[in-house]
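# Summary of the model geometry
Listed below, chain by chain, are the residues.
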Amino acid sequence: MEETITLHDKKFRIMIPAEKIDEAVSAVAARINADYADKQTPLFVGVLNGSFMFMSDLIKKIEFQNELSFVKLASYEGTASTGEVKSLIGLNTPIEGRHVIIVEDIVDTGESIDHMIGELERHHPASIAVCTLFFKPGSYRKQRQIKYRAMEIGNEFIVGYGLDYDQLGRSLKDIYVVTE
Ligand code: 5GP
Ligand code: MG
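Throughout what follows, the structure given in this document is the object of discussion. (Residues numbered from 1 in each chain as written. Chains lettered and ligands numbered in written order. Predicted model: local features only at pLDDT ≥ 70, side-chain atom pairs only at ≥ 80, totals over all residues. Heavy atoms only, no water.)

Here the focus is unusual backbone geometry. In this structure, Asn49 follows Leu48 across a cis peptide bond, with omega equal to 0°. Although it is not a glycine, His124 adopts a positive phi angle of roughly 55°. In this fold, His124 is placed in the loop between α3 (111–121) and β7 (127–135). Of the residues examined, His124 reaches a relative accessible area of 55% and is grouped as exposed. Phi at Tyr161 takes a positive value of approximately 50°, unusual for a residue other than glycine. Residue position: Tyr161 is located in the loop between β9 (158–159) and β10 (175–178). (Helix = DSSP H or I, 4+ residues; strand = E, 2+ residues; numbered from the N terminus. Buried < 20%, exposed > 50% of the residue type's maximum accessible area, 1.4 Å probe, protein only.)

Right, dumping it as structure tokens:
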């Protein structure tokens, strides 16, 4: 593994090696396995693009029968009064009455996940829980419970393991942090 890397105009240094990520994913998977063992075929919903690698590793550690799907929050300009509007695309599985686990790469301010939960609730699932690879407690400013947090970090900007800096860095198997 490289100690430091450059993506576009910024330098990053190694922060969390792949083995530590794997331990954190195993720990969060064990909690989900315990909590959902008796539930009817839960549905994992990954939020693209950032969650693809986390979803791939997480789902291999899930021991109950499950389904999975991916969605995206697409931004478009609304009317002048509504400003930016985000719509949910790719939800082609009916989720009414289902136990849904949203799989996210990172919850920062909570804006995105708050919106995602709101959109999914309109389809009346039996339950919704959030499983995020990273949580930034110092930035979070929403009320929704983020039940499964594989790792907590400060307000620094990270890349790797699915997370990008302007589309670069997603394929890195370790997590890197920007150096000031
Ligand atoms: P929020 O809506 O919770 O403020 O931010 C969520 C989104 O911001 C994430 O899904 C991700 O796309 C981006 N984000 C927030 N913090 C980071 C970070 O440290 N690194 C990267 N690569 N993206 C981040
Ligand atoms: Mg995300």
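Below, the discussion takes up the coordination of the magnesium ion (ligand 2). With distances of 2.3 to 2.5 Å, the protein atoms coordinating the magnesium ion (ligand 2) are Glu104 (OE) and Asp105 (OD). Taken as a pair, Glu104 and Asp105 share a single burial class, namely buried. (Donors = N, O, S within 2.8 Å, 3.2 Å for Na, K, Ca; no water.)

Contacts to ligand 1 come from 14 residues, most closely from Thr109, Gly110, Ser112, Ile158 and Asp164. Between an oxygen atom of ligand 1 and a main-chain N or O atom of Gly110, the distance comes to 2.8 Å. Measuring from an oxygen atom of ligand 1, one finds a side-chain N or O atom of Ser112 at 2.6 Å. In the complex, the protein chains occlude 79% of the 510 Å² of accessible area that ligand 1 would expose alone. (Near = heavy atom within 4 Å. Polar contact = N/O pair within 3.5 Å; in protein donor to acceptor, adjacent residues only side chain to side chain. Areas by Shrake-Rupley, 256 points an atom, 1.4 Å probe, with all protein chains shown as cover.)

Vacant regions in the atomic arrangement are exposed by a probe of water-molecule size rolled over the atoms. Quantified by volume, the largest pocket comes out at close to 570 Å³. What lines the largest pocket is a set of 26 residues, and nearest its centre among them are Glu104, Asp105, Ile106, Ser112 and Asp164. Of the residues forming the lining of the largest pocket, the biggest block, 4 residues, is contributed by strand β6 (residues 99–107). Across the lining of the largest pocket, the residue classes break down as 9 nonpolar, 8 polar and 9 charged. (1 Å grid on protein atoms, 1.4 Å probe; cavity = no way out; pocket = protein on both sides within 12 Å on 5 of 7 lines; lining within 4 Å. Points joined across faces, edges and corners; volume = space filled by probe spheres on them. Nonpolar A, V, L, I, M, F, W, Y, C, P; charged D, E, K, R; others polar.)

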